[in-house]
Amino acid sequence: MQQSDLFDLPMPAATPMPAGWRFEPGFLSAAEEAELLAAIAQLPLHEAEYKGYTARRRVANFGTAYDFAAHRLLPGPPIPEVLLGLRERVATWAGLAPDALSSALVAEYRAGTPLGWHRDVPDFEVVVGVSLGTPARMRLRRYPPVNPRKADVLNVELPPRSIYRLEGEARWGWQHSIAPTPALRHSVTFRTRSTRRSRGLGPAGAG
C-alpha cells in the first residue's frame, strides 16, 4: 500500500449518541449564569451522603428528597423562587410543563470532585441538567456494561451555560458519570417523576 492510499481509507465511524440524548451549548447568557450563581450561593448546600458515605460534592434537594437506606422517595422543601424562572426555561426547551419538573437538585463540585458511574434512581424519568461555572466532561457507557474495562465510553464536554437531557434509551440504557472537575463548578438538575420502578440503579446523582 502506498502512503498516499492511507488518506483514502475510511475513518472509523464515531459511536452515535444514544436516542433520547439532547444537548445545547450556550443555553444561558453569561449575565444569566452570574445571576444564577449568586442565587445558588445563598442556598443551604450540604455534603451529599449515600448509604453512610459522605461525598465530596455539596448538594441541595428541592421538591423531593431520597432515603437511600429505605430506597424511598420523600417530600422535599419547595423549589425556591430563585430557581423557578430557570425551571420554566428548561421546561420549554425540553418540551415539558414546568410543574412536571417536580424535583430540583443543585450540586457544587469543588476542584477535583468527580461523580461516579450511575443511573438516577428509578423514581425519576426525564433528567435535564444545566452546567455552570467551569467546563466538565460527562462520560456515558451502556448499562449494564458488557466488560467495564473495555466498555465503549462516550465523552461529552459540558461547557458553562450548556444544557442536556436524558430520556428514553439515554436515560435507562446508559450510565453516566462526571470526571473530576478542574475548578469550582455547579449544576442544576431538574427531573420528572417516573411511572416505572426497579432496583439497583445507583445513587440519585446527576451532572
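The structure we're discussing is the one just above.
About the criteria used
- Residues numbered from 1 in each chain as written.
- Predicted model: local features only at pLDDT ≥ 70, side-chain atom pairs only at ≥ 80, totals over all residues.
- Heavy atoms only, no water.
- Helix = DSSP H or I, 4+ residues; strand = E, 2+ residues; numbered from the N terminus.
- Buried < 20%, exposed > 50% of the residue type's maximum accessible area, 1.4 Å probe, protein only.
- Contact = heavy atoms within 4.5 Å.
- Areas by Shrake-Rupley, 256 points an atom, 1.4 Å probe, with all protein chains shown as cover.
- Core = buried A, V, L, I, M, F, W, Y, C linked by side-chain atoms within 4.5 Å.
- Phe/Tyr/Trp six-rings, centres within 6.5 Å; stacked < 30°, edge-to-face > 60°.
- Lys NZ or Arg CZ within 6 Å of the ring centre and 35° of its normal.
- Pairing = 2+ DSSP bridges.
- Axes fitted to C-alpha atoms, helices over the stretch in contact; angles between N-to-C directions.
- Arc of directions from axis to C-beta.

**What about the overall build of the chain?**
The helix and strand inventory of the chain stands at four helices and 13 strands. Here the chain holds 207 residues, and 45% of them are scored as buried. In the chain, once contacts between residues fewer than 6 apart in sequence are set aside, the share between residues at least 24 apart is 78%. Summing over all exposed atoms, the chain offers an accessible surface of approximately 10600 Å²; the carbon and sulfur share of this is 54%.

**A closer look at the nonpolar core**
Counting residues in hydrophobic clusters, the biggest one holds 25 residues, and the most contacted among them are Phe 27, Ile 40, Phe 62, Leu 86, Val 90, Val 106 and Val 130. Breaking this core down by element, the ones donating at least two residues are α2 (30–40), β3 (53–62), α3 (81–94), β6 (103–109), β8 (124–132) and β13 (185–193). Element by element, the count of residues in this core is highest for α3, at six residues. If sequence neighbours within four positions are ignored, Phe 62 has contacts with Leu 43, Pro 44, Pro 77, Pro 78, Ile 79, Pro 80, Leu 83, Ser 102, Ser 103, Ala 104 and Val 106. Ranked by size, the runner-up nonpolar core spans 20 residues in total, among them Ala 55, Leu 105, Ala 107 and Tyr 164.

**Description of the packing of aromatic side chains**
Overall, the coordinates contain three aromatic pairs when judged by the stated rule. Ring geometry for Phe 27 against Trp 93: centres 6.3 Å apart, planes inclined by 65°, an arrangement best described as edge-to-face. Of this pair, Phe 27 sits in the loop between β1 (21–24) and α2 while Trp 93 sits in helix α3, placing them 66 residues apart in sequence. Between Arg 22 and the ring centre of Trp 93, over which it is positioned, the NZ or CZ distance is 4.0 Å. Lying across the ring of Tyr 109, Arg 185 places its NZ or CZ 5.1 Å from the centre.

**Observations regarding the sheet that holds β1**
The sheet built from seven strands is open, its strands ordered β1-β11-β8-β13-β6-β3-β2 with antiparallel pairing. The outermost strands of the open sheet, each flanked by one partner alone, are β1 and β2 (46–50). Mean inter-strand twist for the sheet, computed between neighbouring axes without regard to direction, equals 30°. Pairing geometry for β6 and β13, over seven bridges, is antiparallel. Within the sheet, the bridge partner assigned to Leu 105 lies in β13 and is Thr 189. Set on the sheet, α2 makes contact with β6, β8 and β13; between it and β8 the angle comes to about 105°.

**A few points about α2**
Listed in full, the buried residues belonging to α2 are Glu 33, Leu 36, Ala 39 and Ile 40. Relative to the axis of α2, the buried residues are bounded by an arc of 125° and lie together on one face. Exposed side chains of α2 directed beyond 90 degrees from the buried face belong to Ala 31 and Glu 35. As for α2, its buried residues are in contact with α3, β6, β8 and β13.

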